[in-house]
Amino acid sequence: MTQTSETTLAVSLAGAAKAYGPVRAVDGLDLDIHRGETVALLGRNGAGKSTAISLLLGLNEPDAGQVRLFGETPGRMVAAGRVGAMLQDGRAISRVTVRELVAFIAHTYPAPLPVDEALELAGLGDLAERRVDKLSGGQVQRVRFAMSLAGNPELIVLDEPTAALDVEARHAFWASMRGYASRGNTVLFSTHYLEEADDNADRIVVIDRGRLVADGSGDELRRSAGGTVVSFDLTGRGSEGLTELPGVRSVEIRGDRARLCTDDSDATVMALARLDAIRGLEVAAVSLDDAFLTLTSRLEPVR
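Residues numbered from 1 in each chain as written. Predicted model: local features only at pLDDT ≥ 70, side-chain atom pairs only at ≥ 80, totals over all residues. Heavy atoms only, no water.

A. Fine view of the sheet that holds strand β1 (residues 9–20). Strand order in the open sheet made by the 3 strands is β2-β1-β4, with antiparallel pairing throughout. The two strands at the open ends of the sheet, each matched to only one other strand, are β2 (23–34) and β4 (64–69). Strand-to-strand twist in this sheet, taken as the mean axis angle between neighbours without regard to direction, amounts to 20°. Relative to β2, β1 is paired through 9 bridges, and the arrangement is antiparallel. What sits directly across from A19, in β2, is R24. Of the strands in this sheet, β1, β2 and β4 touch helix α2 (residues 49–56), which is tilted by about 120° from β1. (Pairing = 2+ DSSP bridges. Helix = DSSP H or I, 4+ residues; strand = E, 2+ residues; numbered from the N terminus. Axes fitted to C-alpha atoms, helices over the stretch in contact; angles between N-to-C directions. Contact = heavy atoms within 4.5 Å.)

As structure tokens, then:
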């Protein structure tokens, strides 16, 4: 029997749009996420990430298009406990223990995850009897993660879950997240840390101006953005004409140094050699940061 989209897809946005006055925060966004996938959502500030997440969770209704989770409306799936969320806003609650808080949240769902299991998945087994307001920032983030797991969700949505955490706390958080994902669950997370997306996601989805501009693995995004960066010192000369050089896909100026993403580094370097006073020439493989900058400078989607 052929599986339908309702049985294979955890998330489906079809032509989803949301505007705030003249600003189209989400502009005809199409995105499918299959069950069991871990997907990173990247975009510049104001690209539409948070609005897309609010549509996914039923916190806002789309002006046009459709949003479905497991083939149903977001509100119905959230209420059923099949979707959990960890958003940026929130503060620690005073005078309750970690166990008490997670248990309270679990009791609001029809078929919750056992509290001890949620605590272990979030790496909080040894902190269960500690007061939440006495924990470190990284520990509080893991409490919020346990709260999002309390309903025993099949899909969890994380909005920049490691913002402001130190390196050790970030590593601990992602270890917890991978434990949840290893059960066959679906994860969608937004982040400003590109290395987190590369290390923890099966797919990276890049949106810009409310539209999807790239969708693939980290390696696929690097290839689509051009495989090489050619950089050199401008030494006072202008940047005019650099975008017209052969092979160049994008140009970034950092101080007095130019960085050119190119899909033909040989042709680019040969053209540069004909220019006067080129100093400090370097050729290197494109990084995910470079790919992100290139992709978000485009207007047309890349698949």
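B. Representation of α2 in the model. α2 sits mainly inside the fold: 7 of its 8 residues count as buried. All of the buried residues in α2 are K49, T51, A52, I53, S54, L55 and L56. A positive phi of about 75° marks G58, the residue just after α2. (Buried < 20%, exposed > 50% of the residue type's maximum accessible area, 1.4 Å probe, protein only.)

C. Inspection of unusual backbone geometry at higher detail. Positive phi outside glycine occurs at F70, with the angle close to 55°. When you line up the elements, F70 lands in the loop between β4 and α3 (74–79). Here E160, not a glycine, exhibits a phi torsion of approximately 45°, which is positive. On the secondary structure map, E160 appears in the loop between β6 (155–159) and α7 (167–181). Assessed through its relative accessible area of 15%, E160 is described here as buried.

D. Summary view of the packing of helix α4 (residues 98–106) against helix α6 (residues 137–149). For the pair α4 and α6, the least separation of the axes is 8 Å and the interaxial angle reads 30°. Relative to α6, the element α4 is oriented roughly parallel. The two elements α4 and α6 meet at a crossing, and its hand is right-handed. In contact with V98, L101, V102 and I105 of α4, α6 contributes V143, A146 and M147. Among the residues forming the contact of α4 with α6, the class breakdown is 7 nonpolar, no polar and no charged. (Parallel < 35°, antiparallel > 145°, perpendicular 65-115°, else oblique. Left-handed = near helix turned anticlockwise from the far one by under 90°. Nonpolar A, V, L, I, M, F, W, Y, C, P; charged D, E, K, R; others polar.)

E. View of the nonpolar core. Of all hydrophobic cores here, the largest spans 48 residues; its most connected members are F145 and L158. At 6 residues, α4 tops the list of elements feeding residues into this core. For F145, the contacting residues outside a window of four places in its chain are M86, L121, A122, I156, L158, F173, S176, M177 and Y180. Formed by 27 residues, the second largest nonpolar core is a distinct cluster that contains A47, L69, F70 and V83. (Core = buried A, V, L, I, M, F, W, Y, C linked by side-chain atoms within 4.5 Å.)

F. Structural detail: the packing of α6 against α7. Put simply, α6 and α7 touch, their axes get as near as 9 Å, and they point 15° apart. Judged on the interaxial angle alone, α7 and α6 are roughly parallel. Remark: the crossing between α6 and α7 carries right-handed chirality. Residue-level contacts link G138, Q141, R142, F145 and L149 of α6 to A169, A172, F173, S176, M177 and Y180 of α7.

G. Representation of the confidence of the model for the chain. Looking at the chain as a whole, its pLDDT mean stands at 88, while 93% of the residues score no less than 70. Ranking the helices and strands of the chain by mean pLDDT puts β4 first, with 97, and helix α1 (residues 5–8) last, with 66. Under a pLDDT of 50 for its full length, residues 299–303 has, in the predicted model, 14 contacts with residues more than four places off or in other chains. (pLDDT = per-residue confidence, 0-100.)

H. Geometry of the pairing of β1. Between β1 and β2, which follow one another and run antiparallel, lie 2 residues, and G21 among them has a positive phi close to 65°. Bridge analysis of β1 against β4 gives 5 bridges, and the strand direction is antiparallel. Bridge pairing links L13 to V67 in β4.

I. Quick look at the sheet that holds strand β8 (residues 203–208). Pairing in this open sheet of 6 strands is mixed, and the strands run β5-β6-β7-β3-β8-β9 from one edge to the other. Across the chains shown, the open sheet's two edge strands, defined by having one partner strand only, are β5 (83–86) and β9 (211–216). Direction aside, the axes of adjacent strands within the sheet are offset by 15° on average. Alignment of β5 against β6, held across 4 bridges, turns out to be parallel. Each bridged residue has a counterpart across the sheet, and for M86 the counterpart in β6 is L158. Running over the sheet, α7 touches β3 (38–42), β5, β6 and β7 (186–190) and is turned about 150° from β7.

J. Seen up close, the environment of F145. Among the structural elements, F145 can be located in helix α6. Along the primary structure F145 and S231 are separated by 86 residues, whereas in three dimensions their C-alpha atoms are 41 Å apart.

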